Amino acid sequence: MSNPGRVLMVCTGNICRSPFLERALQSELDRSWGAGAVEVRSAGTGALVGSSMEPAARSLLESNGYSAEGFVARQLHAELVAEADLVLTATRAHRGKVAALHPKALQYVFSFREFADLVVPLGDGLPDAGAAMGTGEAADHLRTVVMAAKAQRGTRAPLRDDDADIVDPYRQPQVVFDRMATQIMEALPIVARALGRA
C-alpha cells in the first residue's frame, strides 16, 4: 500500500492506555482494510521509553483477543503528530499537549472517547472517500471521517471530562485497569466502524 492512513494514539507513559488502543485498533482496521492499509502507532507525553507494556494492561489486551507482542514505548514528538491523519488521545489534557507540539493538529486531534461520541451520529451516512475517488485508499477515508467528526463539534453538548477521558491505571489497583479496559472496549467498535472500510 503506497499511501497508508496513519493514526497516532497518545497517553502519558505509553505503557498502558495508548498501547492498548494502538494494538486493538490496528487489529480491527487490519480486519477491515487488510494489513498495511492503516498504520496505528502510539507514543507518550512522558514515555517510559524502551519499556514493554505494563503487565496488567497487557493481560487485559490479550484477554480481549489482541496481541502486545514486540511493543516498545516511545516518546511523543512533533514529527509523529505531523505525519498522522488522526491523533486520538487518552484524555483532553493529552489533546492539548499534542496541539502544543504541532498546532495544526488541532484540526485532527480528539480524545478517543470524544471521537467515538462525535462519530456516532454519522452512522452509515459517512461517504467512503476512497471509493468515491476511485482509489479505495484508507488514508482518504480517514481524512473524510476526521472532517465529519470535526464538523460535529459545537452541534451537541460536549462530554464531561469523566466521559471523555480514559482513566489512568498506572500504579493503581486492578479495578482501575479493568475500568480502563471497559472504557476502551465500549468505544472501540464505534471508532473501528467509522474508520473501517465502508
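In what follows, the accompanying structure is described.

Judged by nonpolar contacts, the single largest core of 64 residues is most densely connected at Leu25, Phe112 and Phe115. No other element matches helix H9 (residues 174-195), which puts eleven residues into this core. Once residues lying within four places of it in the same chain are set aside, the contact partners of leucine 25 are Val7, Met9, Val40, Leu188, Val191, Ala192 and Leu195.

Let us look at helix H2 (residues 55-63). For H2, the set of buried residues is Ala56, Ala57, Leu60 and Leu61. Buried residues of H2, viewed axially, fall in a sector of 140°; they line one side. Structural note: H2 exposes Pro55 and Ser63 on the side pointing more than 90 degrees away from its buried face. Those residues of H2 that are buried lie in contact with helix H1 (17-33) and H9. One side-chain oxygen of the residue at the start of H2 lies 2.7 Å from the amide nitrogen of alanine 56, identifying that residue as glutamate 54.

It is worth spelling out the side chain of histidine 141 at this point. Topologically, histidine 141 is positioned in helix H7 (residues 138-152). Polar contacts involving the side chain of histidine 141 include one to the main-chain carbonyl oxygen of glycine 196, which spans 3.1 Å.

Glancing now at the environment of alanine 93. Looking at the secondary structure, you find alanine 93 in helix H4 (residues 92-101). Residue class for alanine 93 comes out exposed when judged on its relative accessible area of 54%. Considered as a pair, alanine 93 and serine 111 are 18 residues apart in the sequence and their alpha carbons are 8.8 Å apart.

With parallel pairing, the four strands of this open sheet are ordered in space as E2-E1-E3-E4. Two strands lie at the open edges of the sheet, namely strand E2 (38-44) and strand E4 (109-111), each paired on one side alone. Taken pair by pair, the neighbouring strands of this sheet meet at an average axis angle of 25°, ignoring direction. In terms of strand pairing, strand E1 (residues 5-11) meets strand E3 (residues 86-89) through four bridges, oriented parallel. Across the sheet, the residue bridging to valine 10 is threonine 89, located in E3. Contacts between helix H5 (residues 112-119) and the sheet are confined to E1, E3 and E4, with E4 contributing the most and set at about 100° to the helix.

For the rest of this paragraph, the subject is unusual backbone geometry. Most peptide bonds take the trans configuration, and most residues that are not glycine carry a negative phi. Backbone geometry places asparagine 14, a non-glycine residue, at a positive phi of 60°. With respect to the helices and strands, asparagine 14 occurs in the loop between E1 and H1.

Here leucine 106 shows up in the loop between H4 and E4. As for leucine 106 and arginine 58, which are separated by 48 residues in sequence, their C-alpha atoms are 30 Å apart. Contact partners of leucine 106, with chain neighbours within four places excluded, come to Ala99 and Arg153.

This paragraph deals with the pattern of salt bridges. Applying the stated criterion across every chain yields a total of 16 salt bridges. Note that arginine 58 is salt-bridged to glutamate 62, the shortest N-O span being 2.9 Å. Here arginine 58 pairs with glutamate 62, and both are found in helix H2, just four residues apart, close to one helical turn. Salt-bridge contacts for arginine 92 lead to aspartate 161; the nearest nitrogen and oxygen are separated by 2.7 Å. You can see arginine 92 sitting in helix H4 and its partner aspartate 161 sitting in helix H8 (residues 161-164), a full 69 residues away along the chain. Connected via shared salt-bridge partners are Arg6, Glu39, Arg41 and Glu83.

Scoring rules and cut-offs
Residues numbered from 1 in each chain as written. Predicted model: local features only at pLDDT ≥ 70, side-chain atom pairs only at ≥ 80, totals over all residues. Heavy atoms only, no water. Core = buried A, V, L, I, M, F, W, Y, C linked by side-chain atoms within 4.5 Å. Buried < 20%, exposed > 50% of the residue type's maximum accessible area, 1.4 Å probe, protein only. Helix = DSSP H or I, 4+ residues; strand = E, 2+ residues; numbered from the N terminus. Contact = heavy atoms within 4.5 Å. Arc of directions from axis to C-beta. Polar contact = N/O pair within 3.5 Å; in protein donor to acceptor, adjacent residues only side chain to side chain. Pairing = 2+ DSSP bridges. Axes fitted to C-alpha atoms, helices over the stretch in contact; angles between N-to-C directions. Salt bridge = Lys/Arg side-chain N within 4 Å of Asp/Glu carboxyl O.

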